[in-house]
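As a plain string of letters, each chain reads:
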Amino acid sequence: MALTLNVMARKRRLVWDLPGIFSFSTVEKSLLVFIVLEAGILAVIAFIVPPNTWDAMTYHMSRVAHWIQNSSVVFYPTNIDRQLFINPFAEYWIAHFQILLKGSDYFANTIQWLSMVGSLVGISLITKEIGLGRLAQILSVFLVITLPNAIVESNSTQTDFVATLWTVIGVYFILRSINHGQTKNALAAAVAVFLAFYTKGSTLFILVPFIVWMVIDGLTVKIKQSSRIRRQFLWHIGLVVLAAVLSNGIFMAKNNFFMGSPFSPGEKAHIVNIANPKEIISNNLLHYGMHLRLGIDPIDDVVTAAAVEKLHNLMGYTTQNSPANFPGLKLNYVDFPFYEDEIPNFIFSLILMFGFIWFLIFRKREWGTFKGKFFWMTFLCFFILNSLVKWSPFDGRYHLAFFILFAPFLAEIFAARKKGGLIALCVLFVVLTIPFIFFNSSKPFVGGNLPIFYKKEPKYGGPSILKAERQYKYFYNHPAVGLPFILAMKGIMSSGCREIGIRTGGDTWEYLLWASLQQSGERFRIEHVLVTNSSKALQYPLGEFSPCMIVTDNPEDDYLIYLGKFYVMVANYGEFNLYIPADRLKGGL
């Protein structure tokens, strides 16, 4: 990251000349002050709250703990196979911080925050590269940092902002390559493309179309120029395409070698039937419509949900039975709007919709310009994702990079307003930003109930992050498991056992166990046992494992048999059961 951003900084002044900042207008200075202030608040939240999102507790942080224990990133037996087949680069970054801090997760969330800062720099540079001025650059950054999705992701251990960082850098250097050529631009683009794909597979929906644009530009423009420019173009395209192929190929080959398949289990269930045009339309309606909700019943019930439902009825579907729904998931527009996995970008999406209509009708002369092509390409990428990947309530996270790339488009619209109109729009965005900073259910800066216009009580939440102990903050998204887990931990610690086997489902909060045991200061070995998926054939990187206790989240079994040894349940704490070898039963816990 540092190397790529250094190239960006050396080639282009890093956003603005600091000595010239005193010549900025009052509006520009005010926006910059707000940007710095909000970034600082988000950094504080990222530091004082431990990882607590669902995916972080099941596989993001758990896989990091296994890698550190094993001193290796080689695959291992696990009941949660997402720890293996999901692209790993963001967690590599987290692992380095964890190792440097001797297992502490205080900086785990800051990976996303740092990625947000890098994305802010990147989108400013993209805005400048497509020919917009300083005010538009600042507005692009302002729009990104007020984006609800960006706010809640910036202090979590999801991986979407890390993927977005490399996507934004990749797009920037692809644009530079199209505009100016130069091998260093192509090389930087190749590095960013490689890291983006190695972080999250969904980045291909943005980067592949931009790579295609780079190829088309070369075949229609550069190929007609001198032989030197033609050779340079072929070399540049080769670098970027090779990076894309290698990034996907390396990880798919690793999956195939260890898991028997290059793809993740159930991957086909995510793909839309492109032979059915109505399913594609439905999928786009569901994806875009999910952002047009506020969590306020009258608006979501009467306006958004009714409109989307009516459009589905015209195709012979309902929102509940549309084939575009991911299996087992149904649309619910009236929901808690501050939960980071289902966050809507309401006002941004609304203005974007009207802005696109404005672009189509009143900006036809810009369609063929470099700036216009960038806007078209961004809209095309958004359409491709929403046409190919089946809708689920959690897909708003995949849209983060798209909304950030849309920021220059909206920034141009904002910058064209008169001063009074611009100030009013900015104030509106600031006001709408505040709830997402302070009422994030995973990290409630302000504890207690939501403002009264929200009918629903928070699905999750708890006391303010400024008052709660760090141990309690792990349970914000799953409070029901808190007391049973704490009791189970006391049972484990009192047993004297330090080699612990775990048998879990595919969506269990495994990281709770790692975080609690690491805080004890003692050395433990934790391995998955009784694995039933394809990873059961793998070897433990640390060699043979014979646990003196097995922890499960299945209350149905009175006993277990592992490696020919009989394990008997000795304690039940709600969702958690503790088993010890029968030959230790006399001594108990």
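Our subject is the structure that appears above.
**Q** Would you take a moment to explain the overall build of the protein chain for this structure?
**A** The helix and strand inventory of the protein chain stands at 21 helices and 6 strands. In the protein chain, 75% of the contacts between residues at least 6 apart in sequence involve partners at least 24 apart. Carbon and sulfur atoms form 66% of the exposed surface of the protein chain, whose accessible area is close to 24200 Å².

**Q** Got a minute to help me understand the pattern of salt bridges in this structure?
**A** Think of it this way: side chains of opposite charge can pair up when their charged atoms draw near. Throughout the structure, instances matching the rule amount to 15 salt bridges. A salt bridge links Lys 371 to Glu 412, with the shortest nitrogen-to-oxygen separation between them at 2.5 Å. Here Glu 412 lies in helix 17 (residues 400–415) and Lys 371 lies in helix 16 (residues 370–388), a separation of 41 residues in the sequence. Salt-bridge contacts for Arg 498 lead to Glu 522; the nearest nitrogen and oxygen are separated by 2.7 Å. Pair noted here: Arg 498 is in the loop between helix 20 (482–495) and strand 1 (499–503) and Glu 522 is in the loop between helix 21 (511–519) and strand 2 (525–528), with a separation of 24 residues, a long-range link. Since its relative accessible area comes to 22%, Arg 498 is described here as partly exposed. By sharing partners, the salt bridges in this structure join Asp 55, Arg 82, Asp 160, Lys 200, Arg 397 and Asp 507 into a single network.

**Q** When you look at the environment of Leu 466 in this model, what are you seeing that I'm missing?
**A** Assignment of secondary structure puts Leu 466 in the loop between helix 18 (419–438) and helix 19 (470–473). Remark: the alpha-carbon pair of Leu 466 and Val 49, spanning 417 residues in sequence, is separated by 9.3 Å. Contact partners of Leu 466, with chain neighbours within four places excluded, come to Ile 48 and Phe 445.

**Q** Sorry if this is basic, but what is going on with the packing of aromatic side chains here?
**A** The relative placement of two aromatic rings is captured by the distance of their centres and the angle of their planes. Enumeration over the complete set of coordinates arrives at 39 aromatic pairs. Taken together, a centroid distance of 5.8 Å and an interplanar angle of 25° make the contact between Phe 194 and Tyr 198 stacked. Here the residue Phe 194 and the residue Tyr 198 both occupy positions in helix 10 (residues 183–199), the gap between them amounting to 4 residues, near one helical turn. Residues Trp 367 and Trp 376 carry aromatic rings whose centres are separated by 5.5 Å and whose planes lie at 85° to one another, so their mutual orientation is edge-to-face.

**Q** Help me understand a nonpolar patch on the surface in this model?
**A** On the surface, Phe 47, Leu 100, Leu 101, Tyr 106 and Phe 107 cluster together into a nonpolar patch covering about 460 Å² of accessible area. Assessed through its relative accessible area of 71%, Leu 100 is described here as exposed.

Quick notes on the rules
Residues numbered from 1 in each chain as written. Predicted model: local features only at pLDDT ≥ 70, side-chain atom pairs only at ≥ 80, totals over all residues. Heavy atoms only, no water. Helix = DSSP H or I, 4+ residues; strand = E, 2+ residues; numbered from the N terminus. Contact = heavy atoms within 4.5 Å. Areas by Shrake-Rupley, 256 points an atom, 1.4 Å probe, with all protein chains shown as cover. Salt bridge = Lys/Arg side-chain N within 4 Å of Asp/Glu carboxyl O. Buried < 20%, exposed > 50% of the residue type's maximum accessible area, 1.4 Å probe, protein only. Phe/Tyr/Trp six-rings, centres within 6.5 Å; stacked < 30°, edge-to-face > 60°. Patch = residues over 30% accessible without salt bridge, like charges linked within 9 Å, V, L, I, M, F, W, Y side chains within 5 Å.

In short, shape yes, function no, at least from these values alone.
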